[in-house]
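Results of the structural survey
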Amino acid sequence: MQLPLRGIVTPLATPLAQSKQAEPVLDAQALDGLIDHVITGGVHGIFLLGTTGESSSLSREMRQEIVHRACAKVQVRVPVLVSISDNAISESLRMAETAVEAGADALVLAAPCYFQNSQDDLFRYVSEIAARVTLPLFLYNIPHLTKNSFAPETVRLASELPGVVGLKDSTGDLGYLERTVELMRGRPGFSILTGPEEILVDCMRRGAIGGVSGGSNLNPELFAALYNSVMAGDTARAEELQQKVNRISTALYRVGFPGSSYLRGLKAALEVAGLCRAQPAPPYFPLSAEEQAQLEQNYRALEG
């Protein structure tokens, strides 16, 4: 994997089969198809087991299966990043071993959740992980889910650890992004990627060098074109494509309960597009019949 990692990285959705079992069942055929879809669409990397991949709702065995199957399917066409985020360091290290065995390119680590941690706690946590893994490590800042945030100064300190090569910032806070970019000047090998796709252009103008964009599961060509437009300095085209991204976001990610509407809406849209079933992992369930009808209406309107 060439550093710094740039471009559009797809946080791959996890296709699940319909099952009466409590344990989710992987739809391996749909996983293969989704991987081909996003790579053919021009994305620059794949991120397994992130928020969009529903990692927190999957067993260790399924997560390991996904990593092995996905890496075998990708066949080094694009870099593969694997989340090792867990509250137990031992589990994170097991997933890191799986990533190495499968041939992944890098690891991604969010802050532990449930308990709140000081910045000193978080730095020591990253230090412990970084000292024990062999693949490049990205930090993942998503405090609205973890309750813990890597401060820009902590990111800067962590970047001095061997193997820590980047940050995925999902805060949506442009001030946080600007401060982190400022502190990382002079470290050209460090990637700063943004999560919220609705502000991708704004984030790239402030120093992010790409996005980890959930919508690229559905429309990889759109996100690749947006990134390429920004890189080419085509401001008008970039703004036009950003507006299209935002229309899609409004239409598909705001149906149903707000806390889960992004994930369930994206999966429902992937089903309409014929890419995988709308089935999320428990405790989430598919959209209701009324919500699904509304989403399909919104989807068809976008096509028009």
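**With respect to the overall build of the protein**
Scanning the protein from terminus to terminus reveals 12 helices and 10 strands. Summarising its shape, the C-alpha atoms of the protein cover approximately 50 × 50 × 35 Å along the three principal directions. Taking all 304 residues of the protein together, 54% fall into the buried category. Restricting the contact set of the protein to residue pairs at least 6 apart, pairs at least 24 apart contribute 73%.

**Let's talk about the pattern of salt bridges**
Scanning all chains against the criterion turns up 17 salt bridges. We note a salt bridge from Asp 120 to Arg 124, for which the minimum N-O separation is 2.9 Å. Here Asp 120 pairs with Arg 124, and both are found in helix α4 (residues 119–130), just 4 residues apart, close to one helical turn. Between Glu 153 and Arg 179 there is a salt bridge, and its shortest N-O distance comes to 3.2 Å. Taken as a pair, Glu 153 in helix α6 (residues 152–158) and Arg 179 in helix α7 (residues 174–183) lie far apart in primary sequence, 26 residues in all. Judged by relative accessible area, which is 38%, Glu 153 ranks as partly exposed.

**A few points about the nonpolar core**
Most often, soluble globular proteins keep nonpolar side chains buried together rather than apart. One finds Ile 46, Leu 48, Val 82, Val 126, Leu 137, Val 164 and Leu 252 to be the most contacted residues of the largest nonpolar core, which totals 87 residues. Beyond its immediate stretch of four places on either side in the chain, Leu 252 contacts Leu 218, Ser 261, Gly 265, Leu 266, Ala 269, Leu 295, Tyr 299 and Leu 302. Formed by 14 residues, the second largest nonpolar core is a distinct cluster that contains Leu 5, Leu 81, Ala 110 and Leu 193.

**Quick word on the packing of helix α2 (residues 60–74) against helix α3 (residues 89–102)**
In contact at an axis separation of 9 Å, α2 and α3 are set at 25 degrees when each is read in the N-to-C sense. By the angle class used here, α2 and α3 are roughly parallel. The interaxial crossing formed by α2 with α3 has right-handed handedness. Every residue of α3 that contacts α2 at Arg 60, Arg 63, Gln 64, Val 67, His 68 and Cys 71 is listed here: Glu 91, Arg 94, Met 95, Thr 98, Ala 99, Glu 101 and Ala 102. Classifying every residue of the contact of α2 with α3 gives 5 nonpolar, 3 polar and 5 charged.

**Brief notes about the packing of helix α10 (residues 235–252) against helix α12 (residues 289–303)**
For the pair α10 and α12, interaxial distance at closest approach is 9 Å and the crossing angle is 160 degrees. Here α10 lies roughly antiparallel to α12, going by the angle between them. Crossing hand, α10 versus α12: right-handed. The segment α10 lies against α12, with Arg 247, Ile 248, Ala 251 and Leu 252 engaging Leu 295, Asn 298, Tyr 299 and Leu 302. Considering only residue class, the contact of α10 with α12 consists of 6 nonpolar, 1 polar and 1 charged.

**Re α7**
Among the residues of α7, those classed as buried are Tyr 176, Leu 177, Thr 180 and Val 181. For α7, the angular spread of buried residues about the axis comes to 130 degrees, placing them on one side. At its buried positions, α7 is contacted by β7 (137–141), α6, β8 (164–169), β9 (191–194) and α8 (200–205). Measuring from the backbone nitrogen of Gly 175 back to the side-chain oxygen at the start of α7 gives 2.9 Å, which picks out Asp 173 as the cap.

**Side note on the pairing of strand β1 (residues 7–11)**
In terms of burial, β1 is a largely internal element, 5 of the 5 residues being buried. Pairing of β1 with strand β10 (residues 210–212), which is carried by 3 bridges, proceeds in the parallel orientation. If you follow Ile 8 over to β10, its bridge partner there is Gly 211.

**With respect to unusual backbone geometry**
Of note, the bond from Leu 3 into Pro 4 is cis; its omega dihedral lies within 30 degrees of zero at 0 degrees. Along the chain, Pro 4 falls in the segment before β1. Cis geometry marks the peptide bond from Pro 282 to Pro 283; its omega dihedral reads 20 degrees. Position of Pro 283 among the secondary structure elements: in the loop between α11 (258–272) and α12. At Leu 49, a residue that is not glycine, the phi angle is positive and equals roughly 70 degrees.

**Re helix α1 (residues 28–40)**
Compared with the 18 Å implied by 1.5 Å per residue over 13 residues, the 18 Å span of α1 between its first and last C-alpha is a close match. Taken as a whole, α1 has its buried residues at Ala 30, Leu 31, Leu 34, Ile 35, Val 38 and Ile 39. For α1, the buried positions fall inside an angular range of 165 degrees around the axis, keeping them on one side. Opposite the buried face of α1, at more than 90 degrees from it, the exposed residues are Gln 29 and Thr 40. In this structure, the buried side of α1 is in contact with β1, β3 (25–26), β4 (45–48), α2, α9 (220–232) and α11. The first or second residue beyond α1 is Gly 42, which carries a positive phi of 100 degrees.

Calculation notes
All residue numbers refer to position in the chain's written sequence, counted from 1. Thresholds applied to this predicted model are a pLDDT of at least 70 for local features of residues and 80 or more for the giving and counting of side-chain atom pairs; totals over whole chains, interfaces and linings are not thresholded and use all residues. Hydrogens are left out, water is left out, and the side-chain values use all remaining heavy atoms of the structure. Labels follow the DSSP assignment, with helices taken as runs of H or I lasting at least four residues and strands as runs of E lasting at least two, numbered in each case from the N terminus. Only protein chains enter the accessibility calculation, which uses a 1.4 Å probe. A residue is then buried if its area is under 20% of the maximum for its type, exposed if over 50%, and partly exposed in between. Residue contacts are counted whenever heavy atoms from the two residues lie within 4.5 Å of one another. Definition used for salt bridges: Asp or Glu carboxyl oxygen within 4 Å of a side-chain nitrogen of Lys or Arg. Among the buried residues, those of types Ala, Val, Leu, Ile, Met, Phe, Trp, Tyr and Cys that are joined through side-chain atoms within 4.5 Å form a nonpolar core. The angle between two axes is taken between their N-to-C directions and runs from 0 to 180 degrees, where each axis is a line fitted to C-alpha atoms and a helix contributes only its stretch in contact. Working rule for angles: under 35 degrees goes down as roughly parallel, over 145 as roughly antiparallel, 65 to 115 as roughly perpendicular, anything else as oblique. Handedness of a crossing follows from how the near helix is turned relative to the far one, being left-handed for an anticlockwise turn of less than a right angle and right-handed for a clockwise one. Each residue gets one label: Ala, Val, Leu, Ile, Met, Phe, Trp, Tyr, Cys and Pro are nonpolar, Asp, Glu, Lys and Arg are charged, and the others, such as Gly, are polar. Working note: the arc is built from the helix axis to C-beta atom directions. Polar contact criterion, stated in full: a pair of N or O atoms within 3.5 Å, where within protein one must be able to donate a hydrogen and the other to accept it, and residues adjacent in sequence count only if both atoms are side-chain atoms. In this analysis, strands are considered paired if DSSP registers two or more bridges between them. For a helix, the expected span equals 1.5 Å multiplied by the residue count minus one.

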